[in-house]
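Close look at the chain arrangement
Spelled out, the chains give:
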Amino acid sequence: MSNEHFQGQYEVELKYRLTSKAAFLSVLENIPHEVMVEDNLESDWYFDAPDQSLSQQNKSVCIRTMQPSGIQLWIVKGPEADRCEATNITDATKARSMLETMGYEIVLTATKIRSIYFVGQFHITVDTLEGIGDFAEFAIMTDEESMLVTYKSQLEALACQFGLTESALQTQSYKQMYAEKYVSPSVQ
């Protein structure tokens, strides 16, 4: 696993809805890439304050576990759209308990099947969300805020190699998609 792919305080990410996961993976097979993980079950626990103050500030706190890889993460996003930081943790159960002790509540739990691939400096995740669909995320993490626009253009060009266009681009987060489908509209 190449940890430098996940270092930085900013994330440039483009998410596309896939019409055919098999066709997408077929294109990937013909592009030089590395496999980080395939078909991991990811479980996410999203937290917020009782008054939803994190959501109101466009912030998100998530504890994630991945199996069978065993990866456990603490992820914070926002308030800016590109702002994202994640750190490895050793005990997700303890981290969830600590957040609850601090007064945060679980507002959403979600699972997905995820594969992660490296194509040069970029990472591509292929996700299946039950009842919602298949998606591909093209992303890079960086500390260089001045590179965000350049990276976005490069990611768009990479997505184009897969036949993905702006019409398939998704602007909602998975959290928002799950909240719309399975939870009241106030949890976003």
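Reference entry: report on the structure contained in this document. (Residues numbered from 1 in each chain as written. Predicted model: local features only at pLDDT ≥ 70, side-chain atom pairs only at ≥ 80, totals over all residues. Heavy atoms only, no water.)

Right, let's talk about the pattern of salt bridges for a bit. In total, this model carries 11 salt bridges according to the counting rule given. Taking the shortest distance from any N to any O, the salt bridge between R64 and D44 comes out at 2.6 Å. Taken together, the residues span a long stretch of sequence, with R64 in strand β3 (residues 60-67) and D44 in strand β2 (residues 34-48) at a distance of 20 residues. Summarising the burial analysis for this pair, R64 and D44 share the class buried. Among the ionic pairs, K152 bridges to E156, the shortest N-O distance being 3.5 Å. Remark: E156 and K152 occur in helix α4 (residues 148-161); sequence separation between them is 4 residues, near one turn of the helix. Look at K152 and you get partly exposed, because its relative accessible area is 39%. When salt bridges with common partners are traced through the structure, they connect K15, E42, D44, R64, K112, R114, D127 and E137 into a single cluster. (Salt bridge = Lys/Arg side-chain N within 4 Å of Asp/Glu carboxyl O. Helix = DSSP H or I, 4+ residues; strand = E, 2+ residues; numbered from the N terminus. Buried < 20%, exposed > 50% of the residue type's maximum accessible area, 1.4 Å probe, protein only.)

The next subject is the nonpolar core. Core analysis: the largest hydrophobic core is formed by 24 residues, its most contacted members being F24, I124, F138, F162 and L164. Only β1 (10-17), α1 (21-29), β6 (105-119), β7 (122-129), β8 (133-142) and α4 provide two or more residues apiece to this core. Non-local contacts of F138, meaning those with residues more than four positions away in its chain, are made with V12, E13, L14, Y16, F24, H123, I124, L155, L158, A159, F162 and L164. In terms of nonpolar packing, the next biggest core, distinct from the first, is built from 21 residues, M66, L73, Y174 and M177 among them. (Core = buried A, V, L, I, M, F, W, Y, C linked by side-chain atoms within 4.5 Å. Contact = heavy atoms within 4.5 Å.)

Strand order in the open sheet formed by 9 strands is β5-β4-β3-β2-β6-β7-β8-β1-β9, with antiparallel pairing between adjacent strands. The open sheet terminates on both sides in strands that have one partner only, identified here as β5 (84-88) and β9 (169-170). Pairing of strand β4 (residues 72-77) with β5, which is carried by 5 bridges, proceeds in the antiparallel orientation. When the bridges of β5 are listed, W74 appears paired with T87. Of the strands in this sheet, β2, β3, β4 and β6 touch helix α3 (residues 92-101), which is tilted by about 160 degrees from β3. Lying over the sheet, α4 contacts β1, β6, β7 and β8, oriented at roughly 25 degrees with respect to β1. (Pairing = 2+ DSSP bridges. Axes fitted to C-alpha atoms, helices over the stretch in contact; angles between N-to-C directions.)

Moving on, we come to the side chain of T142. Position of T142 relative to the elements: it lies in strand β8. When near neighbours in sequence (up to four residues on either side) are disregarded, T142 contacts Q7, G8, Q9, Y10, L148 and Y151.

Most of β7 sits inside the fold, with 7 of its 8 residues counted as buried. As judged from the 7 bridges shared by β6 and β7, these two strands associate in the antiparallel manner. By the bridge assignment, Y117 is partnered in β7 with I124. Count of turn residues in the β6/β7 antiparallel hairpin: 2 residues, of which G120 carries a positive phi of about 60 degrees.

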